[in-house]
Structure formats: C-alpha cells, structure tokens
Amino acid sequence: MATTNVVRDEYSELVDLEHSHDHEHGQFIAHHFHSAEQQFDSGKLGIWLFLVTEVLFFGGLFVAYIIYRYNRPDVFIDAHHHLDTLLGGLNTIVLLFSSLTMAWGVRAAQLGDNRTTAISVLATMVCAALFLGVKAVEYSHKWDLGLLPGNLFSYDPLAKHDHALISNYLVMLCVPFGVLLLGFLLGAILNLNTGKKLIGQFYGGMAITMLGYFAGVGVGVLWMATMTPKHDSHDDHHAAVVVAADAVRPVVFSADDAAPKVETAVVDGAAAAEAPAGSTAPLDKSLGVFFSIYYCMTGLHAVHIIAGIAALAWIFYRSLAAQWRPDYFGPVDFVGLYWHLVDLIWIYLFPLMYLIR
Amino acid sequence: MATVTQKQQLFGHAPTNHYLDASRGVMSWIFTLDHKRIAIMYMYGVILSLFLAGIFALVLRLELYTPGPWFLTSAQYNQMFTLHGAVMVFLFIIPSIPAIIGNFVLPMMLGAKDVAFPRLNLASLWLYWAGGFFFIVVLATSGLDTGWTFYTPYSTTTSTNVIAATLGAFILGFSSIFTGLNFIVTINTMRPKGMTWFRMPLLLWGLYSTSIIQVLATPVLGITLLLLIVERLLKLGIFDPAYGGDPLLYQHFFWFYSHPAVYIMILPAMGVISEMLGVHCRKEVFGYKFIALSSVAIALLGFLVWGHHMFTSGQSEMASLVFSAITFSVAVPSAIKVFNWLCTMYRGDINLSTPMMYIMSFIFLFGIGGLTGLWLGALSTDIPLHDTYFVVAHFHYVMVGGTMTSLLGGLFHWWPKMSGRMYNEPLGKLFCLLVFIGFNLTFFPQFIMGSLGMPRRYHEYQAVYQIYHQLSTIGAFTLGIGIFGAVMTLVYAWFFGRKASGNPWGAATLEWQSSSPPSFHNFEHRVIVSAPYDFSSVVYDESVDGYVPVVPKREAAPAPQPTPAPVSN
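Here the residue numbering is sequential within each chain, running from 1 through the sequence in written order. Chains carry letters and ligands carry numbers; both start at the beginning, A for chains and 1 for ligands, and go up in the order they are written. Reporting in this predicted model follows two pLDDT cut-offs: at least 70 for local features of residues, and 80 or more for side-chain atom pairs to be given and counted; totals over whole chains, interfaces and linings ignore these cut-offs and use all residues. Note that the side-chain values use all heavy atoms of the structure and ignore hydrogens as well as water.

**Q** I'm lost on the interface of chain B and chain A in this one. Help?
**A** A common way to report how large an interface is uses the accessible area buried once the components associate. Whether two residues are in contact is decided by their heavy atoms, any of which lying within 4.5 Å being enough. Taken together, the 53 residues of chain B in the interface contact 46 residues of chain A. Here chain B and chain A share an interface that buries about 4300 Å² over both sides, 72% of which is from carbon and sulfur atoms. Throughout this description, the term salt bridge denotes a Lys or Arg side-chain nitrogen within 4 Å of a carboxyl oxygen of Asp or Glu. One can count zero salt bridges joining chain B with chain A. Between N or O atoms, a polar contact is any pair within 3.5 Å; within protein, one atom must be a potential hydrogen donor and the other a potential acceptor, and residues adjacent in sequence are included only when both atoms are from side chains. In this assembly, chain B and chain A are joined by eight residue pairs in polar contact (both at pLDDT 80 or more). For the side of chain B that touches chain A, the secondary-structure elements that each account for two or more residues are α1 (2-11), α7 (162-189), α8 (202-234), α9 (247-281) and β4 (546-549) of chain B. The buried area of a pairing is the accessible area, by a 1.4 Å probe, that goes missing from both parts when the two are put together, added over both. Secondary structure is summarised from DSSP: a helix means a run of H or I of at least four residues, a strand means a run of E of at least two, and numbering begins at the N terminus for each.

Encoded structure:
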C-alpha cells in the first residue's frame, strides 16, 4: 500500500533526525540542552532573575529603613555616630577591590586561563573573609557597649566603657574561623604530602582565605586600639546629644497626629521627666530600632558574603581542576554576577548607615 | 507491519520503558531530575495537604452547625481556622497547578526533554517537603492561632508556635521562587524552532505570568516573615509602636506579596481552562492574543492593588481611593478572559467530557467570585462587608471554585498522559457534579449571611444565622465527598483504567505527540511544531486508538531537477 509506505517513511525520518542530533553533545552540555549557547543563555537569564529576587529580598529592609528614617530622623542621625566610618570605608574599599579581582577572574576564564582564574578567585575570597573579619570587630565592639537591637538595647552613654581590647564576643566570632583554618591547613599538608595535588591546593587556598579573616580582625583591633582614648570623649560628647534630643522630643511629637507615635512620645516624655538630666542616663529604646535595622541589613549582607565564599570556593576548585574553556565558563560568570550584587548592596548600605548627615 | 508498531511506540500507549518504570526504587524517585517524576511527587504532597486542610474545614463546619460552642473550645477553633487557611494557602493552592501540571506539561509543551534547571527543580521539591515538615511541627507543638496572615502585634505576642509556621512559609516561598525562575528561563530559552511567543499554548502564558509574580513578590514575603521571626526572638521593635515601630508596615509588606499571590493562585488556573477549552470544544481558542496578554496584564496590575486589603486599617483615604480604582481595573482583563472563553464555546463542537464539565463549572464559579470582588473593591460597600462571611464566600469562590476546580479538571485532562490510563467517564462526571453542587451549597449561603452581618472567624453566633450555617455545613460535606470521589476516580484509573493512547483528546499541543505515559526523554522523535489550536494538524489513527500528528509535506525547496548526464562521446 502506497499510503502506509509514505507514513512509515515520514515517521522514520523524525526518529532518525533525533538520534543523529544526540552525538553533537559535548562534555559540559547537559542532556536537555541543544547547544552550549542555549545552556549559557539559560544560566545567564537564571542568575539575573535570581539577582532580581535578591534585590527584592533586600528591598523590604530598605523600605523599612526609609520609613523609620522618615519617622525618626533624629534617631538615625544620633545613632550613626556609633558606627566607625573608617572601618566601614575600609570594608568598602576591600569589597570594591574584590569585585575587580572577580571581574579579572571571569575574563581569565573566558580566555581559558585557569591559573589566573584560580588566583583571582582566591584573591576575591581573601577580600571577602577580610571584610568579615573587620565586621566581626565592629559587631563585637558594639555588643560590648550594649548597642543591640530593639529590646536588648542597653547602651548607657554616661557609663565608662573600660572593656578589654579583645572582647569575648570577638573571640567567639573567631572560633569557627580558627577551627576551619586549622582543618584546611591540616588537609592541605596531608594531601600535598600524599601527592593529591588538586585537593591539597584547594585546601591550601581555603586556609589562606581563613587567614584573610584574621588579617581583617587584626586590622580592626589595631584601629580600635589607636582610637580608644579619642573614642571615649566622642561618646561623652554624644551623651549630651542624646539627652538634648530626649528633652526636645515630646514637643516635636505632640504636633504629630499619628496614634502610635503619640504613645511613644508620652512614654519618652515620662521617662525624660523621671530621669533628672545628667544623673542617670535616659535609656532611649528607640535608638534600638536603628540598630535593629542595622543588624538586619548588615547581618543579611554578611550571610550573603558567607554564601558567596562558599560559591567562590566551588569556582576555585573547578579552576584548579582546569575546567574552564572559552566555550564553557558560565559558572564563573554567574558567581561573578552574584558577587558584584553583594558588593553593590554594600555600596548602598555604607552611605545609608555610616555617612548620615 | 513495521509502520504500525513504530507508530504505536511513538504515539500510542507505552507498555514498557516509560518514565514510571525507567528506573526503580525509592531513591530513584527522591533523587530524580525528571520533571515528570517531580510533578508526581508534588502531587502526593499537594493532594495530601488538600485532604488535611479539608478535614480541618469539615471540623470547623461541623462545629458551626450549632450557634453555641459544641465540641471545640474557642482556642481550638482559632487554631483550626488558622491551620485550615495556612495549609490550604501555602501547601495546597500556591504550589498546586504550577508544581503538578506545570512541571509535568510545561517542558513537554515546548518539545523539550526537561526544564532548564532540573536540579533546581528537585531543590524546590525538597524545599516544599521541608516547609511542609515545619507545618507538621506546628501541629505537633503548640499550634498556631494567628490566622494565616500572621498579623502583628498579635503574632509577636501569642504563645503559639508562630516561628515554626513562618519558617515553614519562608521555606515554601523559596520553593515557589525556584519553580517560577525555572519556568521563566525554560519558556524563554527552550522553545522549539517555529514556536514564537504568540504560537505558545495558553497554559504557558498563564504559567509565565504566574512565574513573574512568584519571582518578584515572594522575596518580599520572605524578608517580612524573617523580620517577624527576629521580632519574636529579639524584639526588634520594627513592628512595635512601643519603640516607634509600625504594625501597619507589616500589613503593607504582607499584602505586597499576598495580593499578587492571589494571582499566583488563579492565573495558572485560567491557563489550564484556556488550554483545555479549545481541545474539548474542538475549536480554535477565540481571541488568543487577548487571553495571552490579559494574563500578563493581571500579573502586572496585581502588584498595584495590595492596599485594598487595608481599607479599614487606617491608611489614608487618598491611598484607599487609588487602590480601589486600580482594583476595579483588574476586572477588565479578567472579564476579557471570560468573554473569550464563552466565545470559544459558542458554536464549538463541545465534547461534554469531565474536563469540559469542570471548565463550565469554573467559568460559572469564577464569574460569581470575580463579580463579588467588585463589591469588596468599592470603598462604600467594603465598609459594612469587610471581615464578614461575604469576604469568606468571595475568596472561596475564586480560590476553590476557581483554582481547585481547574486543578481537578486539569488532572482529568492530563491524566491519560501522566498515568497512561483513561479514567471512568461517568464517575468523573458524577463527582464533578457533586463538587459543583456541594460547593455552591457551602458558599452561597455565606454570601447571604455575610451581607446580613455575620462576622468571619467567630466561634459562636446568633441563632438567626443558624439556617445558613447549617446549609453551609451540609454543603461542605457534599463537597468533601465530591472531591474525595474525584480523587479516588483518578487513583482507580491509575491502576485499573483503560489504556490510553498518546493523544486521546485530539489536542494539537506538543505534549500529546509523545506516547502515554511518555518515555524518560519525553519524545522518541523530533516533535512537529504547529499552531497550538490548529486541530487539523492531528488525525485519528485506528492503529493507535488515538490521534497522531500529520507530518507536513516538505515542499519548501523545489525538487531537484535531474541534471542531464554529461554527454561523453
């Protein structure tokens, strides 16, 4: 029968075409993609969408920031004096530099230069860890002073802040990194001695990254040490501002007709009236809201830095294994984009938190 | 004959070597990257959540049969309606259609082997389980009594397990984001040659719009719930007026996600309806472009109306006015869809199958649900109606009458593809009718008692409302039996149903060009892309007891003329 023959030929052709197509698949192309280009485009769109979700995730916090800054500008101006602009600025430079090394790594991967990629990614990781080290010094210093979020806020501007240079909190923050450092060092030595070069180099790189953290801690502590005498006078000057702000506040807020704020004003007013100015310091809990927002934003950012180090470690390992080629470098590019976003968020956080006027 | 065997392999019922028996063992399921298996595992979780939350609903309805307290204390009653809402929203409705039907059908509609990121897809399934686990923790510990919205300041002060529930919802949010992200990338980069945007099946437009919302709105919910958790743990003060915080900010954050989330729930349902309608009316879908673009329009407008949940919360009148006006504008694309569906049915060759009955039931119920939404969007009528049973009836008409109806219809429609078996048609129709009647009996009286002033979430009520509550309770049990019967019909079909061919409905979209159930790689041949509702592109073939695609004749290039042999003399 002529028709059946035609049908068979048509469907056979469909099947044959499909099978001949399968042989073109390279080593790094997943089975469901047609080509390296399609795979790269999918990954690129995917990471951009992921970055959009990240921006929106932080967006909620930025909105909260805007609303409280609008409601209580005095609190924000007052509170930012407790943030160390120099350490914040140092961290900004460190992150900007890490974006440069990251971009360098991406370019090297595009050219298939795996060695340069590995070095650049390692530099990026060291910068990330250094950032965390400085941040740990900042955090622990604030915890010592009682500059804590919301209800936990217990900063007393008039008390003398005679605390150890290296606080217990800082030691606690260093412990996990210390353990990791020892582990990676041990891993590097053992593996390099037994001839497992790849994994040994990887562990070595990670140990250097952890050293970066301690370098950050060192810089931070040194800076704090040089600042200590000046810092106290700074605090004293500051206490006056706090008290003055409290005295003024009831007047400011009686003009405001929003119900919750009137309540606050009454509470504050009562507190100010009870506490004779100068003898016992009024504990302004609303300063705690600034630190709530500060810790939420910088904390979430720090979590992203840690996640970034994990992702970079993966890229670092694959660079050492020399897996990037001019037609396959997607993962470096995607992690790079993520890293630039983390950097960018800090670029916004720094002026919003540290440089308020 | 070779041709018949080959055709049966490609387009018929696949007796062996399909995705269900490609590999065996529990591990081959838990660690699978196959979108079809992931869809099936999602289905277990989603249907289980439906039954669990459905049982909560029946307990509530039974308790409300009498005006006074019966067998629940007021605290238990609060827990019941909270868990009913939270489980239904986060574990059932939001994942339902995208995760089951979307995961199964979307790559196949594109003629692809899988979604763009199969591992991300598996991760989202695992996150779904992890989120579900936290809800089990809530059930096992001190419960939850905040309502599914977790409004502050109550949620920061109640002694129930708000942290576990919000953590669960947070994790489920990421599951939802990953699914959405995956779908957007898949649709953007993996369409086959010849399938332009406006030659895509309408389900894909619905899923694409849904995914946009999932990606843009869900992160905001994530950060909100995270703030709520930290607020409970550390007393941040951001939502607490005692520190200068603002509880209304929580409501703004929450509804900035949760209103668009309403469209996460309904847009895929609209997509499923649009998709099935053409097939079961055997007529090209009327106004294709309008249906497609109205999905996108709803997705975008959905971001601008969250304030209509807060008309009576004390937001400024100007804000309420603007939100109200934009709310009305959402009715336009919704109505465009309904008119186009009706026009598709008009003079169509309607095949009154079970999916078609669900379609008609959807259009009817969604019509009522949508139109009553206008009453609530109008500022003057919202003041007396807010927080009454009118609101409850309205969103159940949209969520249950809309989404659940179309989920069931979609499952019946794609069941032959998923299981390789046909369901029992009379039983399917019977339970569809039962669902329809039970649903209306449950929720229509709630419109009446709501407009008479019966507030929602009340444990006890005045005797005048009893008749409506009794009707509603009877209806709820009818609905419960209907849903249970429909699911059982499907389960029975999975094991004992008549074997289905690759394309029993004669649909023209690509997923029907595979065998039933599909092979591991979906297609054993290259797919033939045609217009999605061009029903002349398939012909009935007796040898496979179903439809097979018409292979287009290759006529583009003129046949090569025999070149005269060179004269060699």
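**Q** For this particular structure, what's the right way to read the pattern of salt bridges?
**A** Side-chain pairs of opposite charge can arise whenever the charged atoms involved come near each other. Taken as a whole and judged by the stated rule, the model has nine salt bridges over all chains. Between Arg325 of chain A and Asp327 of chain A there is a salt bridge, with the nearest N and O atoms lying 2.9 Å from each other. Residue classification places Arg325 of chain A among the partly exposed residues on the basis of a relative accessible area of 34%. Burial here depends on accessible area, computed with a 1.4 Å probe over protein chains only, as a share of the maximum for the residue type. Under 20% is buried, over 50% is exposed, and the range in between is partly exposed. Since its relative accessible area comes to 47%, Asp327 of chain A is described here as partly exposed. A salt bridge links Lys36 of chain B to Asp34 of chain B; the shortest N-O distance between them is 3.0 Å. A single salt-bridge network, built from bridges that share partners, covers Lys135, Glu138 and Lys142 of chain A.

**Q** So what exactly am I meant to see when it comes to the nonpolar core here?
**A** Most often, soluble globular proteins keep nonpolar side chains buried together rather than apart. In this text, buried Ala, Val, Leu, Ile, Met, Phe, Trp, Tyr and Cys residues form a nonpolar core when linked through side-chain atoms within 4.5 Å. Phe290 of chain A together with Phe90 of chain B are the most contacted members of the largest nonpolar core, which has 262 residues in total. For this core, the element with the highest residue contribution is helix α4 (residues 74-109) of chain B, accounting for 22 residues. Here the limits of each domain have been adopted from an automatic or database domain assignment. Residue assignment places this core across two domains, with domain 1 (24-265) and domain 2 (508-549) of chain B each supplying three or more. Those residues in contact with Phe290 of chain A that sit more than four places away from it in its chain are Val75, Phe76, Ala79, His80, Leu83, Met353 and Ile356 of chain A.

**Q** Honestly, the pairing of β4 of chain B in this entry has me stumped. Any pointers?
**A** Residues and elements named next belong to chain B. Inspection of the sheet shows strand β3 (residues 538-541) paired to β4 by four bridges, in the antiparallel sense. Each residue of the ladder has a partner; that of Val539, found in β4, is Val548. When DSSP finds two or more bridges between a pair of strands, those strands are recorded as paired. Between the end of β3 and the start of β4, which pair antiparallel, lie four residues, with Asp545 showing a positive phi angle near 55 degrees.

**Q** Even after reading the chapter, I still don't get the environment of Leu95 of chain A, so can you show me in this structure?
**A** Residue and element names in this part refer to chain A. Tracing the chain through its elements places Leu95 in helix α4 (residues 85-110). Residue classification places Leu95 among the buried positions, given a relative accessible area of 0%. C-alpha separation for the pair Leu95 and Ala128, spaced 33 residues apart in sequence, amounts to 7.0 Å. The residues touching Leu95, leaving out its near neighbours within four places in the chain, are Phe131, His301, Ile305, Trp339, Asp343 and Trp346.

**Q** Before we go on, may I ask you to explain the packing of α9 of chain B against helix α11 (residues 317-345) of chain B in this structure?
**A** For any two helices packed against each other, one specifies the crossing angle of their axes together with the interaxial distance. Residue and element names in this part refer to chain B. It is the contact of α9 with α11, at a shortest axis distance of 10 Å, that shows an interaxial angle of 15 degrees. Here α9 is positioned roughly parallel relative to α11, judged by the angle of their axes. Two packed elements cross with a definite hand, and for α9 against α11 that hand is left-handed. Here Tyr263, Met270, Ile273, Ser274, Leu277 and Cys281 of α9 lie close against α11, whose contacting residues are Val330, Lys337, Trp341, Thr344 and Met345. Angles here are taken between N-to-C directions and fall from 0 to 180 degrees, while the axes themselves are lines fitted to C-alpha atoms, restricted in helices to the stretch in contact. Any angle that is under 35 degrees is reported as roughly parallel, and any over 145 degrees as roughly antiparallel; angles of 65 to 115 degrees are reported as roughly perpendicular and all others as oblique. Note on convention: near helix rotated counterclockwise from far helix by under a right angle means a left-handed crossing. Clockwise means right-handed.

Note that all results are geometric; they support no functional claim without further evidence.
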